[in-house]
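Survey of secondary and tertiary structure
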Amino acid sequence: MPSPLEIPAVHYGIPLVSAAVVAAVAFLFLEGTIRYVALGIAALEVVVTPQILKQAASNA
């Protein structure tokens, strides 16, 4: 049975869900510059986290 880190859906699913939560918090509760910082963090997470998870799967 493969590790969950070896499944490509996990590489993209985890960051999409957590970025959606961060974006929802940003739009619902934050305003001004901090909202844009939170949205930038969410965008960065969608780009970087799958690469980190792929690296972790190849090293496991």
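On a predicted model such as this, the values are computed, not experimentally measured, just so you know.

**Quick look at the environment of leucine 39**
- Residue position: leucine 39 is located in helix H2 (residues 33-59).
- Separated by 14 residues in sequence, leucine 39 and leucine 53 have C-alpha atoms that sit 21 Å apart.
- Residues in contact with leucine 39, not counting those within four places in the same chain, are Ala23, Ala26 and Phe27.

**Regarding a nonpolar patch on the surface**
- A cluster of nonpolar side chains, Val17, Val21, Val25, Phe27, Leu28 and Phe29, forms an exposed patch at the surface whose accessible area comes to about 650 Å².
- Looking at the secondary structure, you find valine 17 in helix H1 (residues 8-29).

**Observations concerning the UniProt feature "transmembrane region" (unreviewed entry) in the chain**
- Mapped onto this numbering, the UniProt entry gives "transmembrane region" (unreviewed entry) at residues 12-30.
- Secondary structure over residues 12-30 splits into 95% helix and 0% strand, and the C-alpha atoms at its two ends are 26 Å apart.

**Examining the environment of valine 17**
- Using a relative accessible area of 57% as the deciding quantity, one classes valine 17 as exposed.
- The spatial distance from the C-alpha of valine 17 to the C-alpha of alanine 42 is 10.0 Å, given a sequence separation of 25 residues.

**A few points about the packing of H1 against H2**
- Close contact between H1 and H2 brings their axes to 9 Å; oriented N to C, the two are set at 165°. When the axes of H1 and H2 are compared, the pair comes out roughly antiparallel. For the pair H1 and H2, the crossing hand works out as right-handed. The segment H1 lies against H2, with Val10, His11, Tyr12, Ile14, Pro15, Leu16, Ser18, Ala19, Val22, Ala23, Ala26 and Phe27 engaging Arg35, Ala38, Leu39, Ala42, Glu45, Val46, Thr49, Pro50, Leu53, Lys54 and Ala57.
- Here the residues of the contact of H1 with H2 sort into 17 nonpolar, three polar and three charged.

**Overview of H2**
- If you check H2, its first and last C-alpha atoms are 38 Å apart, about what 27 residues at 1.5 Å a residue would give, namely 39 Å.
- Within H2, the axis deviates most sharply at glutamate 45, by approximately 30°.
- Along H2, the positions that sit buried rather than exposed are Ala38, Ala42, Thr49, Pro50, Leu53 and Ala57.
- If you follow the buried residues of H2, they end up packed against H1.

About the cut-offs
- Residues numbered from 1 in each chain as written.
- Predicted model: local features only at pLDDT ≥ 70, side-chain atom pairs only at ≥ 80, totals over all residues.
- Heavy atoms only, no water.
- Helix = DSSP H or I, 4+ residues; strand = E, 2+ residues; numbered from the N terminus.
- Contact = heavy atoms within 4.5 Å.
- Patch = residues over 30% accessible without salt bridge, like charges linked within 9 Å, V, L, I, M, F, W, Y side chains within 5 Å.
- Areas by Shrake-Rupley, 256 points an atom, 1.4 Å probe, with all protein chains shown as cover.
- Salt bridge = Lys/Arg side-chain N within 4 Å of Asp/Glu carboxyl O.
- UniProt positions renumbered as here; feature names shortened; annotations may be inferred.
- Buried < 20%, exposed > 50% of the residue type's maximum accessible area, 1.4 Å probe, protein only.
- Axes fitted to C-alpha atoms, helices over the stretch in contact; angles between N-to-C directions.
- Parallel < 35°, antiparallel > 145°, perpendicular 65-115°, else oblique.
- Left-handed = near helix turned anticlockwise from the far one by under 90°.
- Nonpolar A, V, L, I, M, F, W, Y, C, P; charged D, E, K, R; others polar.
- Expected span 1.5 Å × (residues − 1).
- Bend = angle between axes of the 7 residues up to and from the residue.

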